[in-house]
Amino acid sequence: MIEFIVIGGGIAGISAAARLSQDASVILLEREDALGYHASGRSAALFEENYGLPSTVALNKASAAYHFEANGGYTSARGLLIAAREDERDVFEHDLSTMGLARISAGEACDLVPILDPALVSQAAYHAAAYDLDTDRMIHDFRRVVTGNQGQVVTQAEVSDVRRVTGGWQIKTATETYEAKRLVNAAGAWADQIAVLAGIRRIGLQPLRRSMARIPAPGGHDVSAWPMFFGVGESWYAKPDAGALLVSPADEDPVEPHDAWADDMVLAEGLARYEAMVTTPVDRLLSSWAGLRSFAPDRALVLGPDPAMPEFIWCAAQGGYGFQTAPAASQLVADLAFGRSPQIAPEVVAQLRPERLR
């Protein structure tokens with residue numbers, strides 16, 4: 001019987017498996033034929049330390065050194081801009097205070113993003129310390145750690161049954177049966193379903209759909225140096241992507257766990273909000289897709305052993321913060337699993353542990 005089975009091969013699962021594999025035997029099971037297929041493969045791939053709840057920001061800050069330094073670093077400069085109309089001033093002031101942005105002039109905003117409509121932009125804010133993340137390489141490097149430590153990564157391994165056995169857990173897939181002393185639930189949108197299979201109380205996880213459109217570079221501009229730019233209150237956002245532009249309506253529609261796709265009407269409404277602030281209309285889409293951002297009721301991550309069954313370890317509810325928190329979140333999961341003192345402050349750990357939801 002091995003020490004850990006990790007269920008889920010997104011960034012949460014593969015990073016946790018990598019940390020655990022440094023001190024114990026690990027097998028990771030992923031239902032799809034590749035890692036990072038669902039939410040992790042549809043991420044906006046941005047690292048912004050000030051983005052999220054205080055507990056999320058604490059994980060962001062604790063992850064920064066890894067993002068900038070590990071394996072040559074995973075970051076590249078991007079920046080973040082918010083632009084608002086005069087009638088959006090109150091929401092803009094809230095964003096300005098909560099996101100750690102610096103006020104800039106409307107003219108400076110239009111210099112940074114030339115398609116913003118100067119007749120509409122009345123206030124703007126900018127933060128240079130926002131970075132693109134090389135998410136594919138990060139997943140690959142965490143996998144390399146697992147296999148380098150003699151761990152296994154098994155794809156096309158959808159879990160069909162989880163049950164307690166003497167000394168641990170028995171996990172069945174369509175083709176194999178595995179046994180481990182402890183189970184790490186990193187199943188993303190399906191984490192509550194895995195808990196039910198294991199006889200563990202749900203945490204109340206809610207998957208929320210987030211849609212994305214990829215459009216040609218507006219007006220033939222070179223968008224490579226543009227920042228990521230937002231409507232106030234995160235009513236939409238846009239981000240350069242390999243010569244094109246990603247535009248999202250920033251939707252959060254509650255759905256059941258599934259292989260998500262964009263809703264055409266939601267996407268159209270979001271694109272209309274984006275178009276209302278720019279001078280170049282959207283005349284065609286290159287592609288569109290959606291992902292699921294899964295949240296606990298208080299929207300904080302859920303990390304650590306279940307209080308009723310410590311051999312069942314949660315690594316779930318990453319919401320939209322999976323990549324930027326992964327280095328510190330995975331280390332916290334490993335520290336709690338092995339009974340070590342976490343590097344994160346105790347009051348933050350308390351905000352992340354599953355006990356708070358019981």
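Note that the structure is predicted; figures quoted are calculated from it, not measured. (Residues numbered from 1 in each chain as written. Predicted model: local features only at pLDDT ≥ 70, side-chain atom pairs only at ≥ 80, totals over all residues. Heavy atoms only, no water.)

Focus: the UniProt feature "domain: FAD dependent oxidoreductase" (unreviewed entry) in the protein chain
Right, on to step 1. The positions that UniProt labels "domain: FAD dependent oxidoreductase" (unreviewed entry) are, in the present scheme, residues 4-336.
Right, on to step 2. The annotated region residues 4-336 carries 28% helix and 29% strand content, and the separation between its end C-alpha atoms amounts to 13 Å. (UniProt positions renumbered as here; feature names shortened; annotations may be inferred. Helix = DSSP H or I, 4+ residues; strand = E, 2+ residues; numbered from the N terminus.)

Digging into the packing of aromatic side chains
Right, on to step 1. The tally for this structure, following the rule as stated, stands at 14 aromatic pairs.
Right, on to step 2. Seen from their ring centres, phenylalanine 229 and tyrosine 274 are 6.5 Å apart, and the 45° between their planes marks the pair as tilted. Placement of the pair is phenylalanine 229 in strand E14 (residues 228-231) and tyrosine 274 in helix H7 (residues 264-275), with a sequence separation of 45 residues.
Right, on to step 3. Exposure remark for phenylalanine 229: the relative accessible area of 1% places this residue in the buried category.
Right, on to step 4. Aromatic pair phenylalanine 312 and tryptophan 314: ring centres 5.3 Å apart, planes at 70°, arrangement edge-to-face.
Right, on to step 5. Taken together, Trp226, Phe229, Trp236 and Tyr274 form an aromatic cluster joined through their ring pairs.
Right, on to step 6. Its end group placed over the ring of tryptophan 190, arginine 31 keeps NZ or CZ at 4.6 Å from the ring centre. (Phe/Tyr/Trp six-rings, centres within 6.5 Å; stacked < 30°, edge-to-face > 60°. Buried < 20%, exposed > 50% of the residue type's maximum accessible area, 1.4 Å probe, protein only. Lys NZ or Arg CZ within 6 Å of the ring centre and 35° of its normal.)

A word on the pattern of salt bridges
When their charged atoms lie close together, side chains carrying opposite charge are able to pair.
Right, on to step 1. All told, the structure shown has 28 salt bridges when counted by the stated rule.
Right, on to step 2. When the shortest N-O distance is used, the salt bridge between arginine 31 and glutamate 158 registers 3.6 Å. Pair noted here: arginine 31 is in the loop between strand E2 (26-29) and strand E3 (46-48) and glutamate 158 is in the loop between strand E9 (152-154) and strand E10 (161-165), with a separation of 127 residues, a long-range link.
Right, on to step 3. The shortest N-O distance in the salt bridge between arginine 209 and aspartate 251 comes to 3.6 Å. With arginine 209 in strand E13 (residues 206-216) and aspartate 251 in the loop between strand E16 (244-248) and strand E17 (253-254), this residue pair connects regions lying 42 residues apart in the sequence.
Right, on to step 4. In this structure arginine 209 comes out as buried when scored by relative accessible area, which is 12%.
Right, on to step 5. A network of salt bridges, in which partner residues are shared, links Arg210, Glu234, Glu252, Arg293 and Arg299. (Salt bridge = Lys/Arg side-chain N within 4 Å of Asp/Glu carboxyl O.)

Details of the side chain of glutamine 123
Right, on to step 1. Within the element layout of this structure, glutamine 123 appears in strand E7 (residues 123-127).
Right, on to step 2. Accessibility expressed as a relative area gives 4% for glutamine 123, which makes it buried.
Right, on to step 3. In terms of polar contacts, glutamine 123 uses its side chain to reach the backbone carbonyl oxygen of arginine 85, at 2.4 Å. (Polar contact = N/O pair within 3.5 Å; in protein donor to acceptor, adjacent residues only side chain to side chain.)

Description of unusual backbone geometry
Right, on to step 1. Even without a glycine there, the phi angle at alanine 45 is positive, about 55°.
Right, on to step 2. The backbone of alanine 317 sits at a positive phi, close to 60°, despite the residue not being glycine.
Right, on to step 3. Position of alanine 317 among the secondary structure elements: in the loop between strand E20 (312-316) and helix H8 (322-338).

Side note on the sheet that holds strand E8 (residues 130-133)
Right, on to step 1. One open sheet holds the three strands; their spatial order is E3-E8-E4, and the pairing between them is antiparallel. Edge positions in the open sheet fall to E3 and strand E4 (75-77), since each of these has one partner strand only. When strand polarity is set aside, the average angle formed by the axes of neighbouring strands in this sheet is 40°.
Right, on to step 2. Relative to E8, E3 runs antiparallel, the two sharing three bridges. Across the sheet, the residue bridging to glutamate 48 is alanine 130, located in E8.
Right, on to step 3. Sitting on the sheet, helix H2 (residues 54-69) is in contact with E3, E4 and E8, with an inclination near 125° to E3. (Pairing = 2+ DSSP bridges. Axes fitted to C-alpha atoms, helices over the stretch in contact; angles between N-to-C directions. Contact = heavy atoms within 4.5 Å.)

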